[in-house]
Each structure stands twice: as structure tokens, then as C-alpha cells.
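Structural description and commentary
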Amino acid sequence: MRCLRFRQSPRMARCVLFSVITVACLLVSVAAQDSGSGSTDPLVDATYRWRAELYSACSRTCEGIQSRRVYCQGTAVDTGTTFVEANETLCVVSDPRLKPINSRSCGVECANYTWIEDPWRDCSSICGPGIQSRRVVCQKQTRTSTTVTSDNDCAVALETPKPATTRPCVSVCAYETTVWSVCSTTCGDGTRTRAVSCIKTSNGDAQVPIINCDNDPSLGTRPPASESCNLGPCCTYRWEAEPYGPCSRTCEGEQTRRVYCSCNTPDGGSTEVSNETLCNNNDPRLKPIEQRSCGEECATYSWLERPWGSCTAVCGPGIERRQVICRKATNTATTTVTDSECITVIGSKPSTTRDCVRVCRVVPGPWSDCSVTCGCGQQTRTVTCVQTLPGGGERNVDLVNCENDPAQDEDLPPTSQQCEEICYSWDPQAWGACSTTCGAGSEERDVPCMKRACDGFNRVDDSECRSVLSLTIKPDTTRDCDPDCYYDPDEWSPCSRTCGRGTRVRNVRCMKVADGGDAQVAIFHCNQDTSIPEPRPPPATESCALDVCPVPPVIRDPPTKIPPGYVPPDADVSYYIRQDMYAIEGNGVSVDCTEIEADPLARMWVELPPDGTRLDPGDTVGRFSVVRNNDRSLTLNIADVMVGDEGTYRCVAQNSLGGAIVGTDTADSQLTVYRPPKITNNVTRIDGNLVDPLPGPVPVVETPPDRTVVFACQAAIGKPPPDVDWYIGNTKISATGRYIIQPDGSLMIRNARQSDAVDYRCEARNIVGTDQSFVSLKVEEPDQMWQMIPGPCSHTCGGLGSQIIAPKCIRESDGAEVDDAFCSGQDKPDARREPCGRQRCLARWETDTYGACSATCDGTQERDVWCQQVQADGRIVRVPDSVCDIDDLRLEPISTRTCGVECEEYAWTVELYGECSAQCGEGVQTREVFCVRMVGTSSVRVPNRECENRGLSMPATSRPCDPANLCRYEVSEWSDCSTSCDLGIQTRTVVCRKITDTGTVAVPLQECENDPDLTKPITQRPCFSRCPCEFPRWEVGSYSPCPVSCEGGDEAKQTRSVDCKCSIGGNPPQVADDKDCAQLIKPRDTRPCGQERCPCIDHYWLSGPYGECSLSCGTIGQRKRTVDCICFRNGERETTNILRCHQGSRPAETEVCYPPPCPCSLVRWAAGNYSECSKTCNGEQTRPVYCVCDDNGETVDDDVCIAATAAARPPAQRRCNDECPCIKHRYRISSWSYCSVTCGAGIQTRKAGCLCSRENVYEETTDRATCESEIGSPFPISERPCYTPCPCQDLSYRPGEWSPCIPNECDGYRNRTLSCYCDGVIIDMRHCDAKYIRRPHERIRCRHCPFIWQPGPWSECDANCRRRRTVYCKNSETGEKVPKSYCHAHSTMAKPDRSEHCTYTGDKRKITWEVTAWSDCSKPCLIAGRQGTKRRSVTCVDRCNRVKADGCNPRSRPRHLMRCNNFPCDNTQCKDVKGWNCTFVRKNNMCNEPEWNYRCCASCAVSLYGDD
């Protein structure tokens, strides 16, 4: 038996072991069978392998099965014979492969397609019909996934269309009403109301805005919110009278009528009752009379002519007037009646005016004397207008009457004229300088003769003064002079050496004696003056000698230094000189001074501050003494040192030899004195008023509550200045809340309370001591009580209001309301509710529902509109419309509106005209015209015969045109001139260009030439080129003469002409431009005349203002000013030598002044109390601050304290109530930044914030929500996109083709697209927009629609005060009537009203008396014996026209005044109700209100009715 060999994997090792055993058994069995049959042994001679055939076709298109046959095939080893099918066990044993599968799955994965339908969304309308929508998608579902695919997949797979995504829906709503309110009246016609709301029943009965139910046609009209109600007639018994019968005769006859009692109801109905007692008891009027006289009195008429009045003109023609009266005389009286009655009976009226003339004449008076005795003056006279009286005689009248009299042909005589009084005088001038500086000489002066006249003050020849002033001798012009001079030597200088032989010198000056003070002159003037004794000059040097050379003194330095701020012991202290000294006031101080080197010995002394008082050894002055210790040492002693002793103390050592000082040495020490604090001012103020505390160990201050208490604690004594603190017990008070520590150390307690009633301690402390002050505060019990104060009224009118009368805690002293805690010790009354608002309400417009539509299409509906007002008793009545015009701010509601559907109409419709047939000039345009049928706003095209059969003329289909793109000529620049010198020709080219939206396009020149509106420009023109300038030269004229007079002075000049001339083109020389002679030097054209200046005349003194006083304080000082001599030269003012002006009239240059008193020895700052805060927020408090002199307690200038004390000036004002509410919010927005990129899309930023105002000062706030709420707009954005165009060489717009007109030719539009091109490439449009290129139109209107509304004439006004007219639509171009839908669709004007209110003047007018409600009685009872009155307004009105009328019967006019409250006021009746603040009512003028008048009767009686 051959061994079998086979492969196995490690993982199959265990399984194969069992299989081998099994297969071995099978092989033995097979072999036995084969041997029995006589066949070949397969196990020994063959190999076996699995074989598989091809798969069959798939059993289905998705998830099917493919099968195949798999069998075991054996092959003989020796012969290669194949056994087609062998036992499969042989392949299992011999073929290492597993048996191939015989089936597999095939086809794609099966999928199910389904339409997925989302739930229907809510209906688009809240109420009524609408649309519901939903989402429907195609879903593909396999075994492994579920996805959404295209709708087409489901349509193919399911062979069903996509389910609907929209469907009609109906939202069911209903009006819901509340229960009717109580009727507004208790009888007669009233009104009751209810609330009407809209409920959406299909959504859980949710309430929605009522407009949704109104828009639902299925619900019909909204249920009324108000309706009339009737609780039975309100019967008012009144006397009624029928009209009077005819008069029995034309004059002085009788009329009778029937009078009966009637029951009147508010609806206007009335019923006659037989019981007249009802009217007698209820109608305040007496029973009307039943008979009256009628007809006019029999009378005669006459004209009564009054005397003529005065003439209306004072001078000249005028008018006289008189009064002419028509008089009617009867049997009983004579009365004045209208002129028409006399004219009717006796004829025309006599004249009431006639002409008149008043004669006047002008009478001039004599001239007065001249106003001056020398020079130019004035003469005056009076000019009088005299009127001749009609009866003879004359009177003076105002001169203006003669001026206005046309009979006065000449001007009025003048009332003033110029007069001249010529006079002469000698005018000596100031003496000139002496001819010598020192010694004998002479002086000269000018003495001119001056003439004064109207032409001024002028110098004339001396002969004129000599002839006129023969008795006056001309003053001298020369005199002798002898100026005094003297030598003025200085003191000798010190010797050039301190010991041995030396030299000393001095300065010698020559001084000239003068009135204004001696002046130094040159020394040689004194040397030449023989009147000065010898020697001339005195010696300026001499020798000096000292035998011994001494040693100057030196003061020894201290062994140590005292540190700054050193605090000394409270005892006597000693110091060395040059040490800083410190001492406490009242102790002793000593200072040692030692000299160590002087030879000979030095004298030593001490100098005291502040004036350097000298104390020698052994001297004693008050508390100061100097003691010599030895020859070279001394000690200064100061007993009981004081603050006033502060200053610099100096020790002086000085030696001398032979009368000359050898040397001096000084040493200083600064003394500082400390003073313990002392409280000097502890006064108390309450509300700014001084109060005296109650005496005791601790002073007690009593104050009412809520007052401001100030405890002063001023430590004026103390050095260094002490710190002031306040304590309650041992607790330091901090300046917070109601406690304020003022700068002067005072303690302010605002709104003092019981909790502030404690002991207070003030402590002043510095480095050397402490002082204390005590005070106790007692706060009185408050004076408050409960008072009943009314609150706001719930309804201010109509008698339906109520208000709460609540208790308030009131302070009786001033009536102010305070916190309830102040009244806690009293019983608090209960609040109560009382009626209020007992006055009429403002009138309001009311409307009725609209009536039925007048037609099924284009109809109208009308409704009633009236003015309604709620009276003081709650009744609702109609009032004239003029009341609503004033009370109701709304416009009067309309009473008519359109209704019904739009009627069906036919009309022609036109398309837009096409392009013009010509490019330039005139052409033809055509269009399409067709007929349409219109219903409402929709239209349908129908055959043209439909319009033709209805008589509608077909519009034109063509028209002449000018092309939209016009043509124009364009020209080039002119060429250069054809010649370079003289006359030539210039040329240019002319082209024709058509203008389009994108620019211009060249077209043949003939297109422009065919346009009659264009004129072809010229192509040639003459030109001239200037030839060069040859042989240039300057040509000069003669100088002009100089002025004859001196007016030009040294500035006078002569002028001449200087011209450039040259030859041009060979022509003779002619004037050329100066630049042609630029290479030549141009001669000058002016030169000075060299004349003298004109003399300066009319000299006078001119004084300046005084300067400051020479002393700032003291008794008498001096102040100065400038005094100049002024004259006129050539009309200009100038300053000249003072000797030219008259010296005798020279103003003073100085005057006495009185400065303020000098400051006292000790001053200090003082300040008053701060005022109340000026505002409730961000306010200011002020107080007086002044400088006080302690010597006398008087105030001095602030400058004295500033200079004398180091303390800063206390503040005079300070802020208070700093915390103000922030209001008036507004945004603060900066400008946008530059774009973040220079090319393309970027970002711009800016800063945005919110500001609010505190007392008109804006500050930034971070509360954005409040800012947005207050301003009403969102917070500004701080970032936005931006676009910066990139550089482009050729940037332009390119438009597309125009679209057809949309929606139609009438009032339609044509559109086209635009593109932006950069160098031939389409780019973003923002590039072209950013370059400011003119953007072509993208949309144009096809044409203007010619349809307008045309109203017809108004009808007559009917009895309802309405007039009506027809309104139709017409074509404004053809004038023909067209369907109204044309105007509705295309007209821009509003359709005019077809009816309006008008004034009816017919016989059916509703004219009647109308009354208002009675007012309240003016008095509650008889006051001062007089009863009150009630009033109402009675007006005759035309109810239809809503205006006042005159046609009411005056005899039936209701009365407007009625007496009331005719009963006495006794003490039990007229008194103030307890618990009411009647003082508050009286002060605030509330007694006019009946409610308050009743409760405060006694208080209001005097103030309200005391004057009756």
C-alpha cells in the first residue's frame, strides 16, 4: 500500500488528524469495491483535482443567484486518462484546495424608493383661505443605508408623480365678544360697549390681532363694539309754545299762539300733557305768554343834520365832515334807525362831506448875534407857520403844515447860517536854548501874528497885528541868559592800601542848574566859566597813608548743626551763632558769639530783626539783653520768647585802626518759635444763623429737626498750623453722608435728626501741643401731623372718576411732606375713595357703519360722521363739529368710500416704438397696437375688432423721430500758422461722430450734414505771426513840473514817459513791449523835486492818560502822564517840539493820588458759610472769602494776605450733588479707516461708542442696551467690507442689447446688462464703479403713460350737506375716455373724491338752539348775602353745515343763567372738614374746585368769595 502524502496548515492540524483516519477507512472501502468489479486501482494510478464549470446567468436583476457544477476529476498518472466524475472523497483527500463553491450572489443591491412627505406647515394666512406648504423628497433605502436621492429616481421606480408640496388651507377664526356693559344712561337713549376680539379656533382658541378676522371674508362684518340702549324715555317737562299767528294789522297790531305743557324725551320726541302743574313744578321758566303786540309802531322819518366839523387839513385843501342821522318818531319816542329806512321813505341821504381850504403863510424871525466873538460861528432865527382862521384872526401852527401845503411854492427859509468874526493876536512861542551852556549868553523865540477866521487859525504878516492891535506891543523875541554851573566832586574813594602809603581818587563833574533838575554837562564848560572860583577843576586824586596793617576779625563756627524741623524741649534752650534756633513760645533762648583773630581787638554787637536794631554788650531792650563774657565773646539772651520774635539774628565783629575800619565779620542764626494750638472760634450756626449755646459744663445747642447745623472749631493760634479733627466719644468722625468737615475745621451736620443728639469733641493738634472744645446737640421733636391728601383722579372727565384720599405726614411749619416715621406717634387715619372728574371730556369723532354699495362695480358707500362729547354727568351728546376740530387731534374721518368690483372694459394697448430709421436727423419709428379686455387689474389680448366694434379709435402705429443717439461734429486742434512772419493760414479737420451710451462712434460726414440742427465748423482761418523786433531803443519824454506849493514837501517828485521802440518788418520805429528792450538799461522815469516841507500849523497840547500811583499804599502819592505838542502838516497830525506850543496853557504832567491804607501787622484768610447747592445734580456751592486784619477786624484787599501769609486762599466755591443721571444718549462714531488692502476686497474699521449727557457734558458709557433703547436704533457697526480697484490701463463699461419692453409699452421698462472690461478682460463691476466712469443706463422707461383722472362738475348741495360728481379716466393725448383700469394701473395721480361736504343754503336746513350742560354753582351758599349762579352756553347752529347760524327764533332761546344755592351759610354748614390740609388747598388756589371748596368751606370762603 502506497503512503498518501498531503498538505496541511497548522490551523487544520487537529481537524486533519480525525479526517485522515476517516478517509483511510473510506479508501479501503472504495478499493474493496473496485477490486471486486475488476477495475483499475484509482488510489494507486491516478491524481484527483476539483473542477468547476462556468456560472449560469443571474436569477434576478438585484440580489440574485448564479450556480455552476463542481465535480472531482481524476487523471491517470501513467496514461493521462481523465475520469470525468470521480468520487468527491478522492478530491477531498488528494486536492489540497477546498471544494469550490457552486453558487454566488449577483446583481446590484436591492433598494426601496419612497416619497417622504414632511408634515404640512401652518397656513399662510392667520384667518381665512391661504396656502400650506411642505417638503417632499425621494428616499432610497437599502439593507445597509438610507439616503435622499433625486426626485426622478422615485418617479421612475414608483411610476407615480411627486406628491403635491402646496395645498389650499383655511384657518378657522371667529369673532369673540364679551358681555355688554351697563348702559351709559339711566334713562332715554344711551350706549353700551363690549370688547370684540379675534380667536383662532383651529389653533387651540388662541387670540390673534383683530385685523386678521377683518380680512377673512367668510366672517362677514365685525360685530359692533358699541350699540345704543334705551331704558325708557327720560321725560323732561317743559313749556312749549306754537308759533304766533299773523299780525292783526301792519302796525301796532296783535298776535296770539297756543301754549301747552309737554313731556320731552332725549330722542327729540315730545308729548303734550294736560296737567300744567308738572311744568310749573319742573320748568324753571314761567309759562310763556299767549298774546303779544306785533307790527311796527306807526312812525314818521326825517334826516337830522349835525354841524360841519373842522377841516382835516391845517394848511391847504382838506375835507369837512358832519353826521347825518335817520330819525324815527312814533307816538311814544323818537329813536335813531338805519339809513336804509329813511332812504326808503323820504329819499336820498344829504351829503356828509365837503371840500375846505386853510390859508397859511411862513413868517421868518430876525437873525441872532453870532455865537462867537472870534472865529467862525452860527446865527439862528425862528421860522413860524401862521394859519388864517375862518372867522378872522391868526394862530401859530406846526411848521410841518406849511411844508406840506401845496400853495407854498418856495422852500422854507433857513433857520441857521454861518457867521465870521475876524480877530488878531500875537502868539509868542517858547524861548529857545541859551547860546551858551555856562555863563552869559542870549535866548530867542518866534512871536507870529495869528488871524482867526472861518478858514482856521493862520499866521499872517506882522503888519496886520500892528494895525489892528495898535495899543498892544509885540512881545520881545530875544533876551539875556546866564546859566549857572558848578563843580560836583564825589566822595574820596578808600585808600588803595589798607596799611602803609596809598592813593585815593574821586570823580569831578560839571553840573548845570535847570528848573527840571540839575543836568551834567561837559567839564570844559565849567573850566571856561570865570564865575566859578579857583581851582578849576578841583583835584581828582590825593595820597593817603596808614602806619599799621591790622588783622580783621573772624567769628568762630559752631561745633554742630541743628537739623531742620528740630523740636526743642519745653524749657530754656542755648545755641551757638550760625545754628538754626528753635524754641517753644514762653521759654528763654540764648545764643553765644565768639571772635578769634582780630588785631586790634574787635568791637562786637548784635542786630535784632526785623529792622536790624543794634544791641551792644550790656544793653537791655525789653526781653532782649546782651552780656559780654570776655574780650572776644558775648551772649544774646531772649526771655519769654514769642512768635513775633522770629527772624534772623546777626552777630557783628568789627575792628579799626586810626579811624579806618580794618575788617568786619558777621554770623547769622534763624529763630523759629513754635506755638501750641488754641481754639479761638467755636460759634454755632443753624441754617446760616448764629445761635448761642445753653451754658453748662458742656454747652448745649438746641435745633429743630431737618436743619443744617455748623459747629465752628477754628484754631487761629498755633504754629505749625494745627490739624483739626471731630470726635463722638473716642470715635473720629469721617466726612461722609450728612457729616461734612469744612476747610476751616467746622463740622456741618445736614438734616439733623434725633440720632445726631450726642456730645461732640473738637481737637486741634500740632507737634508741640493739643487743645480741645466740647459741644452737645439736642434735636427737638418734629412738628408733623397726619393730613388727608388727594391722589390722582382715575378719570379726569365725564363724572366717572375716583381718587384715593390718603393720609400723608405733613410738616405744619411749611406744609412739606416728610417721611411717615415723623408721624409714627399719632393715629394714622384710613384712606378712602371719593368721586372726581366732574367736568366735560374732550370731544371725539364718531362714525356709523357704511351703507350698501351704490353699484355692483365702481360703486360708493356712505356713512354718518359726527362729533360726540361726554358731559360732566356722564351723558354722551352730539356737539358741533367745530368742537372736535379743536379737541380731537385726529383728522375728521371720511364719510364716503369706493366699493364693488372693477367693471369690464376694452382698450387699445400699444408696444414701444422701435429704433429710429436714421442714425442722425429725422427718421420714422413704428410700433405694434392691439386690443385688450381688462377686468380689475388683469388684461387679456383679444382681436382688434372688439375695440373697433365699441367705437375705440386705434392709436397711430408710426411717428417721425430723432434718433436717441445724436450726432455731432468734432474738430481737431488748429495747425501752426503757415508763415513765421506776417499774415498766414491755419487749418484743422472736421469729422462726424455718433453719440452712444459707451462713447462716440465715427460715421460718414454726410450724416451730420443731413441734420439741419447742426452747423459744420470752419476748416480754415487767417493767422498772424509777429515779426522780430529790430534796432530796439529806449525813448524818453520830458519831466513834469514840480508842485508850486509846499504840499508835496520832500516827497514831491517829477515824472516822465519811458517807452521801448523798434522797427518790425522794415517799418518805421513804433512802440513795442518793454521785453524787446530788456537787454538795454532802462532810464529812470521819476526824480525828487528837493522842496522844503510845508510848515506845521495849529499847535495844541495833547494829554495822555494818568499812570498808576507812585505808592501802592500809604497816604499821598503821585501819578504822571505824557503831554505832547501836536500840530498839523498837510492836513496830517504830528508831534513836534514842545517849545512850539503855548507854555502858559501846558497841562500838568503830574497830580496827587491817594493810595489805600497799608496793611496791618497780622492778617489772615476768613471764609463764610457755603450757600445751598445751586442744582439737584452737578451743582455748585459758593461762599464769601476775604482777607481780615486782626488789628481792627476789618477786611482788606486779598493782595495783602497773598503777600503777607503763606497760607493758600480758601476756596470760594465747590461742587455738590455730583452724581447726575446720564441722559440724552447718542452714538459717537469715528470716520471709516482706509481700506485694509490697496487692491481688491478688504475691510474698513471705525470706532463706535455710546455717549450720555450729565448736565450738558457728554461722557462715554458701556451700557449698550440702554443706549440702543434710548436712541431707538441698533449700535453702529465697527467693521464693513471695502473694495479698492486695482490698476488698469484700459478700463470701460460695455453694455449688452436692450430687452423688449416689460411688462408692456405703456409705463414699462427695457433692461440690458453691463460688463466691466479691463484691458479686454471682464472683471468685477466695482472696478469700473470705483473709477468714477459715467455708468450707462441699465434700465430705461419705454414711454410716459398718457392716462389721467378727469373729474366732472359738482352737483348742487343736498339737504345732507353733500355734493357729488363723476370721475372717469381719459387719455391726455387724445382726450378720449378710456377704462378706469388704465388709470388704476398706470396713472401716478390719486383718484379725486367723488363727493364732499358742502354748505347747504336751501329751505330744509336744520337750524335749532343747542345748549351745553349747566356749570357747577359758583357759591356753596349765601355768602355776603349773595347767592350763586350756574351758566351754560346757548348757540344757534346749522346741524348740517356745522356752523353757527342766525335763523333761530329768539323768543324760544333757552336761558343761559340760573340762580342757585339760595340758603344761608351757618357755622355748622361752612367749616373745614377735619383731617384735610385746607392751608395747602388755599395756598395752591384749589378753592375753585367744588370738591375742595366743600371740604375747606371756611378757609375758602374769604379767599374765593370775600370780594363779592
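Structure: above.
Attention here is on the structure that accompanies the text. Predicted, not measured: the structure shown is a model, and the values here were computed from it. (Residues numbered from 1 in each chain as written. Predicted model: local features only at pLDDT ≥ 70, side-chain atom pairs only at ≥ 80, totals over all residues. Heavy atoms only, no water.)

**A short note on the overall build of the chain**
Of the regular secondary structure elements, the chain holds 20 helices and 114 strands. Considering only residue pairs separated by 6 or more positions, the chain has 62% of its internal contacts joining residues 24 or more positions apart. Total accessible area computed for the chain in this model is approximately 93,300 Å², and 50% of it derives from carbon and sulfur atoms. (Helix = DSSP H or I, 4+ residues; strand = E, 2+ residues; numbered from the N terminus. Contact = heavy atoms within 4.5 Å. Areas by Shrake-Rupley, 256 points an atom, 1.4 Å probe, with all protein chains shown as cover.)

**As for the packing of aromatic side chains**
Counted under the stated rule, the structure contains 6 aromatic pairs. Summarising the aromatic geometry, the rings of Tyr566 and Tyr582 are spaced 6.1 Å apart at their centres and angled 70° between planes, so their arrangement reads as edge-to-face. Taken together, the residues Tyr566 in the loop between β40 (541-546) and β41 (573-576) and Tyr582 in strand β42 (residues 581-584) connect sequence positions 16 residues apart. Residue classification places Tyr566 among the partly exposed positions, given a relative accessible area of 31%. (Phe/Tyr/Trp six-rings, centres within 6.5 Å; stacked < 30°, edge-to-face > 60°. Buried < 20%, exposed > 50% of the residue type's maximum accessible area, 1.4 Å probe, protein only.)

**Looking at the state of the cysteines**
Summed over the entire model, instances satisfying the criterion amount to 42 disulfides. Each disulfide pairs two cysteine sulfurs, and for Cys1060 the partner residue is Cys1077, the sulfurs being separated by 1.8 Å. On the sign convention where negative means left-handed, the S-S torsion of about 80° between Cys1060 and Cys1077 marks this disulfide as right-handed. Residue Cys1060 is located in strand β82 (residues 1058-1064), and its partner Cys1077 is located in the loop between β83 (1070-1071) and β84 (1086-1088); the two are separated by 17 residues in the primary sequence. Its relative accessible area of 0% is what places Cys1060 among the buried residues. (Disulfide = S-S within 2.5 Å.)

**Points about the sheet that holds strand β57 (residues 731-732)**
Taken in spatial order, the 5 strands make up an open sheet running β53-β61-β60-β56-β57, and their pairing is mixed. Of all the strands in the sheet, just β53 (700-703) and β57 have a single pairing partner and so form its edges. Pairing between strand β56 (residues 723-728) and β57: 2 bridges, direction antiparallel. Its bridge partner lying in β57, Tyr727 is registered against Lys732. (Pairing = 2+ DSSP bridges.)

**As for a nonpolar patch on the surface**
A contiguous nonpolar surface patch, about 350 Å² in accessible area, is contributed by Ile1116, Val1152 and Tyr1154. Tracing the backbone through its elements, the reader meets Ile1116 in the loop between β85 (1097-1103) and β86 (1117-1120). (Patch = residues over 30% accessible without salt bridge, like charges linked within 9 Å, V, L, I, M, F, W, Y side chains within 5 Å. Salt bridge = Lys/Arg side-chain N within 4 Å of Asp/Glu carboxyl O.)

**Section: the environment of Cys72**
Within the secondary structure, Cys72 sits in strand β3 (residues 70-76). Relative accessible area serves as the criterion here: at 0%, Cys72 is assigned to the buried category. Cys72 sits 21 residues away from Arg51 along the chain, and the two C-alpha atoms are 6.1 Å apart.

**Describing the environment of Ser773**
Here Ser773 shows up in strand β61 (residues 769-779). For Ser773 and Pro699, which are 74 residues apart along the polypeptide, the C-alpha to C-alpha distance reads 9.8 Å. Ignoring sequence-local partners within four residues, the contact set of Ser773 consists of Ile679, Asn682, Tyr760, Arg761 and Cys762.

**A closer look at the nonpolar core**
By size, the foremost hydrophobic cluster in this structure holds 32 residues, and its most contacted members are Val589, Leu636, Ile638 and Tyr649. Among the elements of the structure, β41, β42, β43 (589-594), β44 (603-608), β47 (624-630), β48 (633-638), β49 (647-657) and β50 (660-678) are those that each provide at least two residues to this core. When residues no more than four places from it in sequence are discounted, the contact partners of Tyr649 are Ile577, Met581, Glu607, Leu608, Pro609, Phe624, Leu636, Ile638, Ala667, Asp668, Ser669 and Leu671. (Core = buried A, V, L, I, M, F, W, Y, C linked by side-chain atoms within 4.5 Å.)

**Section: the sheet that holds strand β11 (residues 173-177)**
Pairing is antiparallel in the open sheet, where 3 strands are placed in the order β11-β13-β14. Of all strands in the sheet, those bounded by a partner on one side alone are β11 and β14 (206-208). With direction set aside, neighbouring strand axes in the sheet form an average angle of 45°. Sheet topology note: the strand β13 (residues 196-200)/β14 ladder contains 3 bridges and is antiparallel. If you follow Lys200 over to β14, its bridge partner there is Ala206. (Axes fitted to C-alpha atoms, helices over the stretch in contact; angles between N-to-C directions.)

**Observations regarding the side chain of Gln379**
Of note, Gln379 is situated in strand β27 (residues 375-380). A polar contact of 3.0 Å, which involves the side chain of Gln379, links it to the backbone oxygen of Ser368. Apart from the residues within four sequence positions on either side, Gln379 is in contact with Trp367, Ser368, Asp369, Cys370, Thr415, Ser416, Gln417 and Cys419. (Polar contact = N/O pair within 3.5 Å; in protein donor to acceptor, adjacent residues only side chain to side chain.)

**Some details on the pattern of salt bridges**
Per the stated rule, a full pass over the model turns up 47 salt bridges. Glu970 is paired through a salt bridge with Arg993; the nearest N and O atoms lie 3.6 Å apart. Taken together, the residues span a long stretch of sequence, with Glu970 in strand β75 (residues 967-971) and Arg993 in strand β77 (residues 990-996) at a distance of 23 residues. Residue Glu970 is classed as partly exposed on the basis of its relative accessible area of 25%. By sharing partners, the salt bridges in this structure join Glu242, Arg258 and Glu272 into a single network.

**Some points on unusual backbone geometry**
A cis amide bond, omega 5°, links Pro609 with the succeeding residue Pro610. Unusually for a residue other than glycine, Glu159 sits at a positive phi of about 55°. With respect to the secondary-structure elements, Glu159 resides in the loop between α4 (151-158) and β10 (166-171). Judged by relative accessible area, which is 71%, Glu159 ranks as exposed. The residue Asn751 is not glycine, and still its phi comes out positive at about 55°. Take Asn751: it is sitting in the loop between β59 (747-749) and β60 (759-766). With relative accessibility at 38%, the residue Asn751 sits in the partly exposed group.

**So, a negative patch on the surface**
On the surface, Asp369, Glu420, Glu421 and Asp455 cluster together into a patch of negative charge. Inspection of the secondary structure puts Asp369 in the loop between β26 (360-364) and β27. (Lys, Arg positive; Asp, Glu negative; His and termini not counted. Charge placed at Lys NZ, Arg CZ, Asp CG, Glu CD.)

**Comments concerning the environment of Pro563**
Residue position: Pro563 is located in the loop between β40 and β41. The spatial distance from the C-alpha of Pro563 to the C-alpha of Met581 is 9.9 Å, given a sequence separation of 18 residues.

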